[in-house]
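# Summary of the model geometry
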Amino acid sequence: MSQGLMAYLVPRDELLAAPGGRDRELVAAMLDEFAEDIEQLDRDFETDNADVWDGPTAAGAVAELIGGRPSMDEDDGGLYTAAFELVCRYYGESASNDYFSPCRVEWFNRLDALLAAGGVPLSLADVWCVAPSVRSPWDRLLEFGHWPADVMRVAAGPLDRLLPSVADADERSALGTVQGWLQAAGAAPDSILVGFFR
């Protein structure tokens, strides 16, 4: 199965307030807006199969995520991460994943080396590995990463200067996708870029 990065530009405060925020209206709105996605998650996680699943349904995971009371531990947190991705979709906008889906971890490492050599203060690994602070216990259950707004602001200029010097067409195109993320973030100064690698 191939892996790829899904990224979202999301207003920071709304996003980080959602886990454990106990907003019943948000739960109802998400269950309505993402009914088909939630059904698909139930199929993906086989939540109706007691032989393989001992946790909530996908709708239950959304309610637990917002309600603040998980019934599963870290080893089974994937469904909560999927529910959190729905929160990102609810509040934010999908970012292009051109040249990042499918991809392997080595691709991030290769691009990160280019960014470091070019003086761009970003790490693509952070987009899917380094999460901002969220309420406990979600800080140990959710698997995602982010770039904060201030880091993206500082990185935009150095990336613009680096891009013309990147000889490899695929690397240049991938970093062009990153440039698009930074431009979108510049127009939404209260947002962060959140990523999921799966």
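Heads up: the structure comes first, above all this text.
A brief look at the structure comes next.

Basis of the calculations
Residues numbered from 1 in each chain as written. Predicted model: local features only at pLDDT ≥ 70, side-chain atom pairs only at ≥ 80, totals over all residues. Heavy atoms only, no water. Helix = DSSP H or I, 4+ residues; strand = E, 2+ residues; numbered from the N terminus. Rg over C-alpha atoms; globule rule 2.2 N^0.38 Å. Buried < 20%, exposed > 50% of the residue type's maximum accessible area, 1.4 Å probe, protein only. Contact = heavy atoms within 4.5 Å. Areas by Shrake-Rupley, 256 points an atom, 1.4 Å probe, with all protein chains shown as cover. Lys, Arg positive; Asp, Glu negative; His and termini not counted. Charge placed at Lys NZ, Arg CZ, Asp CG, Glu CD. Salt bridge = Lys/Arg side-chain N within 4 Å of Asp/Glu carboxyl O. Disulfide = S-S within 2.5 Å. Core = buried A, V, L, I, M, F, W, Y, C linked by side-chain atoms within 4.5 Å.

If you tally the helices and strands in the protein chain, you get ten helices and four strands. In terms of C-alpha radius of gyration, the protein chain reaches 18 Å, essentially the compact-globule figure of 16 Å for 198 residues. Reported as C-alpha extents along the three principal axes, the dimensions of the protein chain are approximately 55 × 35 × 25 Å. Within the protein chain, buried positions represent 43% of all 198 residues. Within the protein chain, counting contacts between residues at least 6 apart in sequence, those at least 24 apart form 74% of the total. For the protein chain, the accessible area works out to roughly 10,100 Å², and carbon and sulfur atoms hold 46% of it. Of the side-chain charges in the protein chain, 14 are positive and 34 negative, and the distance between the mean point of each set is 5 Å.

Time to look at unusual backbone geometry. Of note, the amide linkage connecting Ser101 to Pro102 takes the cis form, showing an omega dihedral of 0°. In this model, Arg22 sits at a positive phi of 60°, which is unusual for a non-glycine residue. With respect to the helices and strands, Arg22 occurs in the loop between α1 (12-17) and α2 (24-33). Even without a glycine there, the phi angle at Glu46 is positive, about 50°.

Turning next to the pattern of salt bridges. Enumeration over the complete set of coordinates arrives at five salt bridges. For Asp13, the salt bridge identified is with Arg12, shortest N-O distance 3.4 Å. A relative accessible area of 57% places Asp13 in the exposed class. One salt bridge connects Arg198 with Glu85, and the closest N-O pair in it is separated by 3.3 Å. With Arg198 in the segment after β4 (191-197) and Glu85 in helix α5 (residues 78-91), this residue pair connects regions lying 113 residues apart in the sequence. Exposure remark for Glu85: the relative accessible area of 8% places this residue in the buried category.

Looking now at the state of the cysteines. Tallying each qualifying case throughout the model produces zero disulfides. Here Cys103 stays free of any disulfide, with the sulfur of Cys129 as its closest cysteine sulfur at 12 Å. Take Cys103: its relative accessible area is 9%, and that puts it in the buried class.

On to the nonpolar core, then. Residues Leu15, Leu65, Phe84, Val87, Cys88 and Val194 are the most contacted members of the largest nonpolar core, which totals 34 residues. Only β1 (5-11), α1, α2, α3 (35-45), α4 (58-67), α5, α8 (138-141) and β4 provide two or more residues apiece to this core. Take this core: its biggest share by element is eight residues, from α5. When neighbours within four sequence positions are excluded, Cys88 is seen to be in contact with Tyr8, Val10, Leu15, Glu93, Val194 and Phe196. Counting 30 residues, the second largest nonpolar core, distinct from the first, contains Phe100, Leu124, Trp128 and Met152.

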